[in-house]
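Chain by chain, the residues:
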Amino acid sequence: MKERTMLNSVLSEDVVIMPCKGILRACAMSLPDLWNSRRCLKKIEGLDHSVVNATLGACGDLPEAQEGPCLPYFVWQCGEIKELSEILRVMEFDFSKPISPCTGKAKVEFIETGICHGFVLWIDWVMDPESFTVLATGPVHRYWKQGVKLLSKPISVGLRGSERTREIEASFDPSSGEIIVKHCHL
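Just so we're clear, the structure is a prediction, and the values are computed from it rather than from any experiment.

Peer 1: Help me out: how do you make sense of the sheet that holds strand β12 (residues 178-185) in this one?
Peer 2: For sheets, the rule is that strands pair by backbone hydrogen bonds, running either parallel or antiparallel. Reading across the sheet, the three strands line up as β7-β11-β12 and stay open at both edges, with antiparallel pairing between neighbours. Where the open sheet ends on each side, the last strands, each with one partner, are β7 (102-109) and β12. Ignoring strand direction, the axes of neighbouring strands in this sheet form an average angle of 20°.

Okay, structure coming up:
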């Protein structure tokens, strides 16, 4: 049997694991100031800025095959922001079980009209098995950073003739500790 943690041998049988769970949440958002500040630089005065783009993690206006990283931000400090979808549950981590690879996906339905620049992601920590105590870390909580996955190109959403749904998918690799986030049209 796979152990939940390397500390299993020193933990008592009735040990309380806190937090019990982590819930990866996401919300589609309009983030024009952040998107513009993270745009891919082209040639300026004949100087190729591709090294700057790679070093700083440029996200906007990337070449088609390239996808930007998920970057940590205090979203409330990112200038103009607007939620365009409901808050979604993408994936759940159960810390009472051995850590293993996992994936999750959620259908994003745009409930507001606007320009979607990306997805904001965060983890809500469930402290007890009954889910009575949850430590929320979303964009409305100013003392927590969130992950921001910016789109290569902003999309118009919620209007007739524009995009109404998307899918967001996340996968966790315990060997690297990485959470990979992708989004696609439905």
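Peer 1: Mind showing me how you'd approach the pairing of strand β10 (residues 146-157) here?
Peer 2: Consecutive residues of a regular strand have side chains that alternate between opposite faces of the sheet. Inspection of the sheet shows strand β4 (residues 70-73) paired to β10 by four bridges, in the antiparallel sense. Each residue of the ladder has a partner; that of Y73, found in β10, is Q146. When strand β8 (residues 114-126) meets β10, the two strands line up antiparallel, connected through seven bridges. Looking at the pairing, G114 lines up with V157 of β10.

Peer 1: Just to check I follow, could you spell out unusual backbone geometry for this structure?
Peer 2: What you tend to see is this: most non-glycine residues have negative phi, and most peptide bonds are trans. Of the consecutive residues M18 and P19, the connecting peptide bond is found in the cis state with omega at -5°. Inspection of the secondary structure assignment puts P19 in the segment before β1 (21-30). Not every positive phi belongs to a glycine, and S131 is a case in point at roughly 65°. Mapped onto the elements of the fold, S131 is located in the loop between β8 and β9 (134-135).

Peer 1: Would you take a moment to explain the nonpolar core for this structure?
Peer 2: Where a protein is soluble and globular, its nonpolar side chains tend to be buried together. One finds V90, M91, F110, C116 and I168 to be the most contacted residues of the largest nonpolar core, which totals 23 residues. Mapped onto this core, the elements with two or more residues apiece are β1, β6 (88-94), β7, β8, β10 and β11 (165-173). If sequence neighbours within four positions are ignored, I168 has contacts with A26, V90, G104, K105, A106, V108, F119, L121, V181, K182 and H183. Residues M29, L31, L34 and W122 belong to the second largest nonpolar core, which totals 14 residues.

Peer 1: Where do I start with the packing of aromatic side chains in this structure?
Peer 2: Enumeration over the complete set of coordinates arrives at four aromatic pairs. When the ring of F93 is compared with that of F95, the centres are 6.4 Å apart and the planes differ by 5°; the resulting orientation is stacked. Measuring from centroid to centroid gives 5.3 Å for F93 and F172, while their planes differ by 90°, and the two rings are edge-to-face. Placement of F93 in strand β6 and of F172 in strand β11 is noted, with a sequence separation of 79 residues between them. Each member of the pair, F93 as well as F172, carries the same accessibility label: buried.

Conventions and cut-offs
Residues numbered from 1 in each chain as written. Predicted model: local features only at pLDDT ≥ 70, side-chain atom pairs only at ≥ 80, totals over all residues. Heavy atoms only, no water. Pairing = 2+ DSSP bridges. Helix = DSSP H or I, 4+ residues; strand = E, 2+ residues; numbered from the N terminus. Axes fitted to C-alpha atoms, helices over the stretch in contact; angles between N-to-C directions. Core = buried A, V, L, I, M, F, W, Y, C linked by side-chain atoms within 4.5 Å. Buried < 20%, exposed > 50% of the residue type's maximum accessible area, 1.4 Å probe, protein only. Contact = heavy atoms within 4.5 Å. Phe/Tyr/Trp six-rings, centres within 6.5 Å; stacked < 30°, edge-to-face > 60°.

Treat this as a map of the structure, not an account of what it does.
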